[in-house]
Amino acid sequence: MSEATVADTRRLNSKPQDLTDAYGPPSNFLEIDVYDPQTIGVGRNRFTTYEVRMKTNLPIFKMKESCVRRRYSDFEWLKNELERDSKIVVPPLPGKALKRQLPFRGDEGIFEESFIEERRAGLEQFINRIAGHPLAQNERCLHMFLQEESIDRNYIPGKV
Amino acid sequence: MSFFSFGQTAEIDIVLNDAETRKKVEHKTEDGKKDKYFLFYDGETVSGKVNVTLKNPGKRLEHQGIKIEFIGQIELYFDRGNHHEFVSLVKDLARPGEMAQSQTFDFEFTHVEKPYESYTGQNVKLRYFLRATISRRLNDICKELEIVVHTLSTYPELNSSIKMEVGIEDCLHIEFEYNKSKYHLKDVIVGKIYFLLVRIKIKHMEIDIIKRETTGTGPNVYHENDTIAKYEIMDGAPVRGESIPIRLFLAGYEMTPTMRDINKKFSVRYYLNLVLIDEEERRYFKQQEITLWRKGDIVRKSMSHQAAIASQRFEGSASSEKALSQAKEEDD
């Protein structure tokens, strides 16, 4: 290699990192757990609710910690709102399991323990995926879903 | 080949005068194969001989003239019928008549202008070739010799770095810097990414080199993008204040110089694409054009020879003689 000038491959100068930035908590902390399924009601009017607990340090969320109860149809509502109002590709929800709701099944149908666990895991994956999306974070429906006691289906959709 | 004539046919062979000494380079053909061709630069003379060998001894070859052409043309794949010739030179070798025996004709195209680099792409091809033709009433006899042309540049006077702050409001802010805006084909891209704000969960970051070939004009413009390289520069989650270095050696990738609006027919441009991928496989990217140019090899040879001569002044004669012979070996 007898080049007239050898390329300079030394690193470019960079600012040294502030130690509080290096060792402090990261600015992207966001954790949402979906757990504690509870079946409410009797007979044909039964339904399952899940606790949705969020912990975050993102400034876009008003509350740094929140805990609400939601059912499957609430997740469906959120998915529909996001598909209509935002430009993002919304991840899939776990299945509706209509077959499980038919009568004359040998098992508990949609109240079967293994099914509830499967659904819980799917809902947790769904909400974590969507809550981390920068565009979804601008939608009022997401904030209402995560941080308000109950969902007002007559709300005015919009951006935060 | 005519099976029904018992007349005469001939074989043409084009041989360059400097075939022994002229360098050959590899060039991709349209079907992706690589072949070696003689390398020429702008302004160089193209000279040689055309050997016409008669196939059937004793018979005469009647012809309407023999000529040789030097052609530079652009061929758009979606418009094959129209070849756009930007260089077209012709030399007549023989007037119409008869050839009684095999003959050799000399030709010279002096200081030929070769303004563009040879290029074989996805939708367009630019090529240079010599074509010898024996014109006949029914069917001509033709032979082509393809050559490759490289366009050289020198170190640009102005070569500013690229430095920019980009991001998504309140989510991700980065400052990226590349040490130059113009790189030669064997250069190194040295840069860095500085994180100002990280509110998303980044999994890794890569830098891609994208080649964009543009053909057509006006409403019929067509872009063909090809990712030449993908190079991971970071694995893991960065935080505010971190700097990630970039060092990307271009010599390992097959690239051409940047070609802008060649003969108003096509362009070949290169872009650096910085891509960040988060935990949910979402991609955030920033594309930036860079200019690629071809540096000549000629400088290298004379430098090593000069360096060897220079060493004579400082070392004993034995070692300097060894250096000189080594330099001569490198030149050959």
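Remember, it's a predicted structure, so these values are computed and weren't measured experimentally.

Student: For this particular structure, what's the right way to read the packing of helix α3 (residues 113-131) of chain A against helix α4 (residues 140-147) of chain A?
Tutor: Helices that pack against each other are described as a pair by the angle of their axes relative to one another and the distance between those axes. Residues and elements named next belong to chain A. Close contact between α3 and α4 brings their axes to 12 Å; oriented N to C, the two are set at 135°. Classified by the angle between their axes, α3 and α4 sit oblique to one another. Crossing angle aside, the handedness with which α3 passes α4 is left-handed. The segment α3 lies against α4, with Ile127, Ile130 and Ala131 engaging Leu142, Phe145 and Leu146. Residues that form the contact of α3 with α4 fall into these classes: 6 nonpolar, no polar and no charged.

Student: What is the right way to read the packing of helix α2 (residues 72-85) of chain A against α3 of chain A from this model?
Tutor: Residue and element names in this part refer to chain A. In the contact formed by α2 and α3, the axes pass within 12 Å of each other and the chain directions differ by 30°. One finds that α2 runs roughly parallel with respect to α3. Seen along the crossing, α2 lies across α3 with a hand that is left-handed. Across the interface between the two elements, Tyr72, Phe75, Leu78, Lys79 and Leu82 of α2 pack against Arg119, Leu123, Phe126, Ile127 and Ile130 of α3. The residue inventory of the contact of α2 with α3, partitioned by class, reads 8 nonpolar, no polar and 2 charged.

Student: For this particular structure, what's the right way to read the layout of surface pockets?
Tutor: Put simply, the second largest pocket is a space of about 580 Å³. What lines the second largest pocket is a set of 25 residues, among which Arg44, Arg46, Gln101, Ile110 and Phe111 of chain A lie closest to the centre.

Student: Would you take a moment to explain the sheet that holds strand β14 (residues 172-178) of chain B for this structure?
Tutor: Sheets are built from strands that pair by backbone hydrogen bonding, the pairs being arranged parallel or antiparallel. Residue and element names in this part refer to chain B. If you walk across this open sheet you meet the 4 strands as β13-β14-β16-β19, and the pairing is antiparallel. Here the strands that pair on one side only, and so sit at the sheet edges, are β13 (162-168) and β19 (243-249). On average, each strand axis in the sheet is inclined to that of its neighbour by 20°, with strand direction left out of account. Alignment of β14 against strand β16 (residues 188-198), held across 7 bridges, turns out to be antiparallel. Residue Ile174 lies in a different strand from β16, and its bridge partner there is Phe195.

Student: Help me understand the pairing of strand β12 (residues 141-149) of chain B, please; the structure alone is not making it clear to me.
Tutor: Consecutive residues of a regular strand have side chains that alternate between opposite faces of the sheet. Residue and element names in this part refer to chain B. Looking at chain direction, strand β3 (residues 34-40) and β12 are connected through 3 bridges and run parallel. Across the sheet, the residue bridging to Phe40 is Val149, located in β12. Bridging between strand β11 (residues 124-134) and β12 involves 7 bridges; their strand directions are antiparallel. Following the sheet pairing, Arg131 is matched in β12 by Glu144.

Student: Help me understand the UniProt feature "domain: PX" (unreviewed entry) in chain A, please; the structure alone is not making it clear to me.
Tutor: UniProt records the feature "domain: PX" (unreviewed entry) at residues 28-152 of chain A, using the numbering of this structure. Annotated as residues 28-152 of chain A, this span is 33% helix and 22% strand, and its ends, taken at the C-alpha atoms, are 29 Å apart.

Student: Can you walk me through the side chain of Lys192 of chain B in this structure?
Tutor: Checked against the element boundaries, Lys192 of chain B lands in strand β16. By relative accessible area, Lys192 of chain B is classed as buried at 8%. At 3.3 Å, the side chain of Lys192 of chain B forms a polar contact with the backbone oxygen of Asn13 of chain A. Aside from chain neighbours lying at most four places away, what touches Lys192 of chain B is Leu12, Asn13 and Ser14 of chain A together with Glu175, Phe176, Glu177, Ser243, Ile244, Pro245 and Ile246 of chain B.

Student: Explain the pattern of salt bridges to me, please; I cannot follow it from the model alone.
Tutor: Here the idea is simple: oppositely charged side chains can pair when their charged atoms come close. All names here are of chain A. Counted under the stated rule, the structure contains 39 salt bridges over all chains. Linking Asp85 and Arg84 is a salt bridge whose minimum nitrogen-to-oxygen distance equals 3.0 Å. With a closest N to O distance of 3.3 Å, Glu124 and Arg120 form a salt bridge. With Glu124 and Arg120 both in helix α3 and 4 residues apart, the pair spans about one turn of that helix. Accessibility expressed as a relative area gives 21% for Glu124, which makes it partly exposed.

Student: Explain the interface of chain B and chain A to me, please; I cannot follow it from the model alone.
Tutor: Accessible area lost on assembly of the parts is the figure often given for the size of an interface. In this assembly, 31 residues from chain B lie in contact with 27 residues from chain A. At the boundary of chain B with chain A, total buried surface from both sides reaches about 2500 Å², with 55% on carbon and sulfur atoms. The interface formed by chain B and chain A holds 2 salt bridges in total. One salt bridge connects Arg240 of chain B with Asp21 of chain A, and the closest N-O pair in it is separated by 3.0 Å. At the surface where chain B touches chain A, the tally comes to 9 residue pairs in polar contact (both at pLDDT 80 or more). Of all the secondary-structure elements, those providing two or more residues to the side of chain B that touches chain A are β16, β19 and α1 (298-311) of chain B. The element that contributes the greatest number of residues to the side of chain B that touches chain A is β16 of chain B, accounting for 6 residues. Across the side of chain B that touches chain A, the residue classes break down as 13 nonpolar, 5 polar and 13 charged.

Student: Got a minute to help me understand the domain arrangement of chain B in this structure?
Tutor: All names here are of chain B. Each domain of chain B was delimited in the assignment, giving domain 1 (10-149) and domain 2 (162-293). Tallying the contact residues gives 14 residues for domain 1 and 15 residues for domain 2. On inspection of domain 1 and its partner domain 2, the count reaches 1 salt bridge. Ionic pairing is found between Glu254 and Lys34, a salt bridge with its closest N-O pair at 3.2 Å. When residues of the side of domain 1 that touches domain 2 are traced back to their parent elements, those giving at least two are β6 (66-76), β7 (83-94) and β11. Among the residues forming the side of domain 1 that touches domain 2, the class breakdown is 8 nonpolar, 4 polar and 2 charged.

Student: Is there a simple way to think about α4 of chain A in this case?
Tutor: Because the α-helix completes a turn every 3.6 residues, residues three or four places apart line up on one side. Residues and elements named next belong to chain A. Of all 8 residues that make up α4, 7 are buried, and the element is covered over most of its length. All buried positions along α4 are accounted for by Cys141, Leu142, His143, Met144, Phe145, Leu146 and Gln147. Tucked into the core, α4 has its buried residues touching β1 (30-40), β2 (47-56), β3 (65-71), α2 and α3.

Rules used in this analysis
- Residues numbered from 1 in each chain as written.
- Chains lettered and ligands numbered in written order.
- Predicted model: local features only at pLDDT ≥ 70, side-chain atom pairs only at ≥ 80, totals over all residues.
- Heavy atoms only, no water.
- Axes fitted to C-alpha atoms, helices over the stretch in contact; angles between N-to-C directions.
- Helix = DSSP H or I, 4+ residues; strand = E, 2+ residues; numbered from the N terminus.
- Parallel < 35°, antiparallel > 145°, perpendicular 65-115°, else oblique.
- Left-handed = near helix turned anticlockwise from the far one by under 90°.
- Contact = heavy atoms within 4.5 Å.
- Nonpolar A, V, L, I, M, F, W, Y, C, P; charged D, E, K, R; others polar.
- 1 Å grid on protein atoms, 1.4 Å probe; cavity = no way out; pocket = protein on both sides within 12 Å on 5 of 7 lines; lining within 4 Å.
- Points joined across faces, edges and corners; volume = space filled by probe spheres on them.
- Pairing = 2+ DSSP bridges.
- UniProt positions renumbered as here; feature names shortened; annotations may be inferred.
- Buried < 20%, exposed > 50% of the residue type's maximum accessible area, 1.4 Å probe, protein only.
- Polar contact = N/O pair within 3.5 Å; in protein donor to acceptor, adjacent residues only side chain to side chain.
- Salt bridge = Lys/Arg side-chain N within 4 Å of Asp/Glu carboxyl O.
- Buried area = accessible area lost by both parts, 1.4 Å probe.
- Domains from an automatic or database assignment.

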